[in-house]
Amino acid sequence: MKIFKVAAFTAVFAAQFAFAQFKQTPLPYAYNALEGNIDAQTMEIHYSKHAAAYVSNLNKAIAGTPQEKQTLFQILSKAGTLPMAVRNNAGGHYNHELFWTVLTPEKNTQPSAKLSKAITDAFGSMEAFKEKMSKAGADRFGSGWAWLSVDKSGKLFVSSTPNQDNPLMDVVEEKGTPIFGIDVWEHAYYLKYQNKRADYLTAIWNVTNWKEISRRYDEALSKK
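Residues numbered from 1 in each chain as written. Predicted model: local features only at pLDDT ≥ 70, side-chain atom pairs only at ≥ 80, totals over all residues. Heavy atoms only, no water.

S.K.: With reference to specific residues and values, describe the sheet that holds strand E2 (residues 156-162).
M.R.: Spatially, the three strands line up as an open sheet ordered E2-E1-E3, and their pairing is antiparallel. What marks the edges here is a single partner per strand, and that holds for E2 and strand E3 (177-183). Strand-to-strand twist in this sheet, taken as the mean axis angle between neighbours without regard to direction, amounts to 25°. Here strand E1 (residues 144-150) pairs with E2 via seven bridges, running antiparallel. Within E2, the residue paired with Gly144 across the bridge is Pro162. Packed onto the sheet, helix H4 (residues 84-101) meets E1 and E3 and runs at close to 85° relative to E3. Helix-sheet contacts for helix H9 (residues 210-222) involve E1, E2 and E3, and the interaxial angle to E3 is about 150°. (Pairing = 2+ DSSP bridges. Helix = DSSP H or I, 4+ residues; strand = E, 2+ residues; numbered from the N terminus. Axes fitted to C-alpha atoms, helices over the stretch in contact; angles between N-to-C directions. Contact = heavy atoms within 4.5 Å.)

S.K.: How would you explain the confidence of the model for the protein chain if you had to name every residue and give the values?
M.R.: For the protein chain, the mean per-residue pLDDT works out to 93, and 91% of the residues sit at or above 70. In the predicted structure, residues 11-19 sits below a pLDDT of 50 and forms 17 contacts with residues beyond four places in sequence or in another chain. (pLDDT = per-residue confidence, 0-100.)

S.K.: Please give an account of unusual backbone geometry that cites residues and values.
M.R.: Look at Asn108: it is not a glycine, yet its phi comes out positive at around 55°. Relative to the helices and strands, Asn108 is located in the loop between H4 and helix H5 (113-123). With a phi close to 50°, Gln194 is a non-glycine residue in the positive phi region. Tracing the backbone shows Gln194 in the loop between helix H7 (190-193) and helix H8 (197-203). Here Gln194 falls in the partly exposed class, since its relative accessible area comes to 36%. (Buried < 20%, exposed > 50% of the residue type's maximum accessible area, 1.4 Å probe, protein only.)

S.K.: Break down the environment of Tyr54 for me, citing the residues and quoting the values.
M.R.: If you trace the backbone, Tyr54 turns up in helix H2 (residues 40-62). Here Tyr54 falls in the buried class, since its relative accessible area comes to 12%. Considering only alpha carbons, one finds Tyr54 and Gln24, 30 residues apart in sequence, at a separation of 9.1 Å. In contact with Tyr54, other than residues within four places in its own chain, are Asn88, Asn89, Gly92, His93, His96, Gln164, Trp185 and His187.

S.K.: Can you break down the pairing of E2 residue by residue, with the values?
M.R.: The buried count for E2 comes to five of seven residues, which makes it a mostly enclosed element. Hairpin connection between E1 and E2: a loop of five residues separates the two successive antiparallel strands, and Gly154 in this loop has a positive phi of roughly 95°.

S.K.: Lay out the packing of H5 against H9 with the relevant residues and their values.
M.R.: How two helices pack is summed up by the angle between their axes together with the distance between the axes. The contact between H5 and H9 brings their axes to 9 Å, and the two run at 80°. Taken together, the axis directions place H5 and H9 in an arrangement best described as roughly perpendicular. Side by side, H5 and H9 meet where Lys114, Leu115, Ala118 and Ile119 of the first sit next to Trp210, Ile213, Ser214, Tyr217, Asp218 and Leu221 of the second. (Parallel < 35°, antiparallel > 145°, perpendicular 65-115°, else oblique.)

S.K.: Could you give me a rundown of H2, with the residues and numbers involved?
M.R.: The end-to-end C-alpha separation of H2 is 32 Å, in line with the 33 Å expected for 23 residues at 1.5 Å each. In the structure, H2 departs most strongly from a straight axis at His46, where the bend amounts to approximately 35°. Within H2 the residues assigned to the buried category are Ala40, Thr42, Met43, His46, Tyr47, Ala51, Ala52, Tyr54, Val55, Leu58, Asn59 and Ile62. Elements that come into contact with the buried residues of H2 comprise helix H3 (72-77), H4, E3 and H7. Following H2 by one or two positions, Gly64 adopts a phi angle in the positive range, close to 75°. (Expected span 1.5 Å × (residues − 1). Bend = angle between axes of the 7 residues up to and from the residue.)

Encoded structure:
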């Protein structure tokens, strides 16, 4: 499979917010690019089956409704007022499109100086942040996500949401702009890690794309 750069992927992802008929963007690396941490079979099934179903079902759910002419941000911001088929599939589409970009086969990426300082200010240290983020994923009962987001004042916070909800939605207690998300649905890790979610949450840090997370942090701050 052709390897696409994350920058190109992100541009396509961003363009989707201008259109209501949504499309799945190409994975920005090969299915086997994260081997050792996330296996190729999991990546292929996750991307080509689970994530593909969310975008397909979203387009079906909004066909002939006002949401057909709305952006994904507009849909997510009113998720609590919409049918569950729209809420779940819009969240699933957004969450996965973000998830692919915050993973990378590149080794030892580092957060920007600005993001590093913000993490230290918010959580005490990078290690303390990782512990908090991993705990958010480990403690999520059933399926869901762990998030690092920027709140309306520009501060970082960690949260967790069930199912395919995310901090952009009007249904969450802590609202903000997600810059990093960890999928803790079983389909994200079960083939390799079985019931050992904690091992998956440890491995995810080996393939975290801090360059993209830093870019998203700067973008989120620019909109405050």
